[in-house]
Every structure is written in C-alpha cells, then in structure tokens.
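# Observations on the three-dimensional arrangement
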Amino acid sequence: MQKITTCLWFDGQAEEAMNHYVSIFKNSKVLSVMRWPKGHADEGKVLLTTFELDGVPFQALNGGPNFKFNEAMSQSIDCKTQEEVDYFWERLTEGGEPGPCSWLKDKFGVSWQVVPEQLPRLLQDPDREKAGRVMSAMMKMGKIDIAKIEEAAKG
C-alpha cells in the first residue's frame, strides 16, 4: 500500500479534474468516487475521488472555496522526448496558462512542471559554464525545447 498520496483540493471540480487527468496520462485509472451520504446538504454530490496517474495515487477532494492552488506545490512530469514534452504541455495548458522554465497552470489552477530528462542532467553538469549556458537558455523558455538546451550546452 502506498504511504503517501497527494490530495488536491477543488471547489466542485474534483470529478471533472480526475477525469481530465486520467484522459491525459497513460496507465491511469479511476479507483473510486465517494459521494455525500443521504441526509447531507450535498447529498449525491462528489466528495472525494481516488485515481492513479501512471501508477501514482492521487485524491481529489471537493473541499469548497476556502483554498486555492498556487505555485508553492506542483506536479513534475519527467519526459524522455520532445514529443512527450509537447504532448503534456499542450494537454495541460488547454484552458490553463503557460509559465516560465517548464512550469504551467492547468485549467483548474494546478501547477505542473514538464521536464525533459536532459534538463536536470545538463543543469547538474560538472562543467559549471556549460550548466550556466543551459540555465540561461531555460530562463528564456516556457515549454522546454530539448534541442535548444542541448545546443546551449555545447556552446
């Protein structure tokens, strides 16, 4: 059993968000949808959903309007190819907004990072000048362009 599960707080969009995310990520599935019980003011409405995105467990709670998402917490997606970067970037920015340096907000306000595997490797290169060139190139991007960061690494 997984010990840690991310719980995302929504104001009425938990089921919609869950279905949206499950449609984007391969190997994903809805595990359960819990509704408010009979006699509650929100009887029959979704309270909590559980789902997996590529095998990683999540919960989505309809907790009300008290809390909003912000950039202090994000979901990071590791990508192997530019095609993967493009796919996740395009799907997650639909109705959302692109941000700098691989960050974006989806239509629900959840922050994501779409990170090609080359980026952290190049940023951690022992050649600090090379890493600096990669950092400078990344700082000018929203969606990461793998060819451009590799070109920056070469000088």
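One structure accompanies this document, and this report is about it. Because the structure is a prediction, the values reported are computed rather than measured. (Residues numbered from 1 in each chain as written. Predicted model: local features only at pLDDT ≥ 70, side-chain atom pairs only at ≥ 80, totals over all residues. Heavy atoms only, no water.)

## Regarding the packing of aromatic side chains
What the rule picks out here adds up to nine aromatic pairs. Relative to Trp-112, the ring of Tyr-21 has its centre 5.4 Å away and its plane inclined at 65°; by these criteria the two rings are edge-to-face. Separated by 91 residues along the polypeptide, Tyr-21 in helix α1 (residues 14-24) and Trp-112 in strand β8 (residues 111-116) bring together distant segments of the chain. Exposure class is identical for Tyr-21 and Trp-112. Each is buried. A ring pair is formed by Phe-25 and Phe-88, whose centres lie 4.9 Å apart and whose planes are at 25°; its orientation type is stacked. Taken together, the positions of Phe-25 in the loop between α1 and β2 (29-35) and Phe-88 in helix α2 (residues 82-93) put the pair 63 residues apart, joining distant regions of the chain. Summarising the burial analysis for this pair, Phe-25 and Phe-88 share the class buried. An aromatic cluster is defined as three or more aromatic residues linked by ring pairs; in this entry it consists of Phe-10, Tyr-21, Phe-25, Phe-69, Tyr-87, Phe-88, Phe-108 and Trp-112. (Phe/Tyr/Trp six-rings, centres within 6.5 Å; stacked < 30°, edge-to-face > 60°. Helix = DSSP H or I, 4+ residues; strand = E, 2+ residues; numbered from the N terminus. Buried < 20%, exposed > 50% of the residue type's maximum accessible area, 1.4 Å probe, protein only.)

## Observations concerning unusual backbone geometry
Leaving glycine aside, a negative phi is the common case for residues, and trans is the common case for peptide bonds. Although it is not a glycine, Cys-101 sits at a positive phi angle of roughly 55°. Following the sequence through the fold, Cys-101 ends up in the loop between β6 (97-98) and β7 (103-105). The phi dihedral of Ser-102 is positive, around 90°, even though this residue is not glycine. Relative to the elements of secondary structure, Ser-102 occurs in the loop between β6 and β7. Look at Ser-102 and you get buried, because its relative accessible area is 2%.

## A closer look at the sheet that holds β2
Pairing is mixed across the open sheet formed by four strands, whose spatial order is β1-β4-β3-β2. The strands lining the two open edges of the sheet, one partner per strand, are β1 (6-10) and β2. For this sheet, the mean angle separating the axes of adjacent strands, direction not counted, is 20°. Bridging between strand β3 (residues 46-53) and strand β4 (residues 56-62) involves six bridges; their strand directions are antiparallel. Residue Phe-51 lies in a different strand from β4, and its bridge partner there is Phe-58. Contacts between α1 and the sheet are confined to β1, β2, β3 and β4, with β3 contributing the most and set at about 10° to the helix. (Pairing = 2+ DSSP bridges. Axes fitted to C-alpha atoms, helices over the stretch in contact; angles between N-to-C directions. Contact = heavy atoms within 4.5 Å.)

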